[in-house]
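Descriptive analysis of the structure
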Amino acid sequence: MLIETQDTDVITDATTLIEMSTHILEAVGVPNDDAHLVADSLVQADLWGHLSHGVLRLPWYVRRLQSGAMKAVNDMRVISDLGAVLTIDGNDGIGQVLTNHARAEAVSRAKTHGIGAVAVKNSNHFGTAMYFTRRAAAQGCVSILTTNASPAMAPWGGREKKLGTNPWSIAAPFGESAAVVDMANTAVARGKIYQARQQGIEIPETWAITSEGAPTTDPSEAIDGVILPMAGHKGYAISFMMDVLSGVLTGSQHGTKVHGPYEPSPRGGAGHLFIALDVAAFRDPTDFEDALSDLVDEVKSTPKAQGFEEIFYPGELEDRAHRAHLRDGIPLPAKTWEELQGLAN
């Protein structure tokens, strides 16, 4: 299915996007199962309404695969295995492939020990963090995933990029889905600025500053400049500590030594930490579900402030967007669709 609705949007469906993206990745040497995983992770972001982390990124991945900065075929190795704790050298593999392996290992170890922690070094961008934490939640685990990223943020009070957005996610089992948070530590994820540039629209002046330290609404100036931290100094401090967990602790790169999908040739050097906590090791899963349901009910029944029609628990908006986009199709910027067609050709 493909319907062009306006000059700026093309409506397509998840199956078409997954098939196209899988074939594109296979054409640059990625094995079928891995290609499908990466494609599914990108399209799932689009289904959740996070176009900044969806197929928009596929051309960047292809350029890194073609340059050899990211390896098409998985060649990871175990550095140490202590039972509940595993450390892996990703050897410049695809971020989604390595992180999905870390997720599976962390959950497996949590089922044995109550907790499983997997550190990954020498990896690459893995897409949307909650793609993996939601999977662990579906297996009965509360999960935590951290990563570092290429420099985008200045330390609080500075105007040079020294830290990445360094996103993180926490997910907990909840019914047929999950209560889940997935956030960067900047005022906005960097991909949303790239998305604004794709769409030819301005950004809020609270998102970024130019390289000279002045506010800007131009997404190109923002990309060349510095993205502002969320909540001021708090966002900076959280980003710093996520780099400690993801880069320093795992033995991967950190700070300005990390390179992201926006650059076609340098090695990524990204690090990830995946922690899984088996709910059954802490309390009866039914009791956990009842307690979490009670918390959700309390939050959603809160009297609403002016201008608000409904209160959502974390992850609820993405679930609704997923259902709507499966039914009605995924709206992509025309430029993104054109780039995908160019890759496919």
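Looking at an unreviewed UniProt entry, one finds the protein chain named Malate/L-lactate dehydrogenase, with Corynebacterium deserti GIMN1.010 as its source organism. Under the UniProt heading Sequence similarities (unreviewed entry), the entry covering the protein chain gives this text: "Belongs to the LDH2/MDH2 oxidoreductase family."

Some points on the sheet that holds strand β11 (residues 270-278)
Whether parallel or antiparallel, the strands of a sheet pair through hydrogen bonds between backbone atoms. Pairing within the open sheet is mixed, and its 7 strands lie in the order β3-β4-β5-β11-β6-β7-β8. Each edge of the open sheet is held by one strand with a lone partner, namely β3 (77-81) and β8 (177-183). Across the sheet, the mean angle separating the axes of adjacent strands is 15° when strand polarity is ignored. Bridge count for strand β5 (residues 115-123) against β11 is 7 bridges, and the pairing is antiparallel. From the neighbouring strand, S123 faces β11, where its bridge partner is A270. Packing against the sheet, helix α10 (residues 285-300) makes contact with β6 (141-147), β7 (168-174) and β8, and its axis sits at approximately 110° to β7.

Quick look at the domain arrangement of the protein chain
Taken domain by domain, the protein chain consists of domain 1 (1-67 + 316-344) and domain 2 (76-186 + 229-314). In this structure, domain 1 and domain 2 have C-alpha centres spaced 22 Å apart. Between domain 1 and domain 2, the contact holds 24 residues from the first and 30 residues from the second. Here domain 1 and domain 2 share an interface that buries about 2200 Å² over both sides, 57% of which is from carbon and sulfur atoms. The largest per-residue losses of area from domain 1 upon contact with domain 2 belong to L37, R64 and E316, which jointly make up 32% of the total buried on that side. Where E310 meets R320, a salt bridge forms, and the shortest distance between an N and an O atom there is 2.5 Å. Applying the counting criterion to the domain 1 and domain 2 interface returns 14 residue pairs in polar contact (both at pLDDT 80 or more). For the side of domain 1 that touches domain 2, the element with the highest residue contribution is helix α2 (residues 32-47), accounting for 8 residues. Its residues placed into classes, the side of domain 1 that touches domain 2 shows 10 nonpolar, 5 polar and 9 charged.

Definitions and limits used
- Residues numbered from 1 in each chain as written.
- Predicted model: local features only at pLDDT ≥ 70, side-chain atom pairs only at ≥ 80, totals over all residues.
- Heavy atoms only, no water.
- UniProt positions renumbered as here; feature names shortened; annotations may be inferred.
- Pairing = 2+ DSSP bridges.
- Helix = DSSP H or I, 4+ residues; strand = E, 2+ residues; numbered from the N terminus.
- Axes fitted to C-alpha atoms, helices over the stretch in contact; angles between N-to-C directions.
- Contact = heavy atoms within 4.5 Å.
- Domains from an automatic or database assignment.
- Buried area = accessible area lost by both parts, 1.4 Å probe.
- Salt bridge = Lys/Arg side-chain N within 4 Å of Asp/Glu carboxyl O.
- Polar contact = N/O pair within 3.5 Å; in protein donor to acceptor, adjacent residues only side chain to side chain.
- Nonpolar A, V, L, I, M, F, W, Y, C, P; charged D, E, K, R; others polar.

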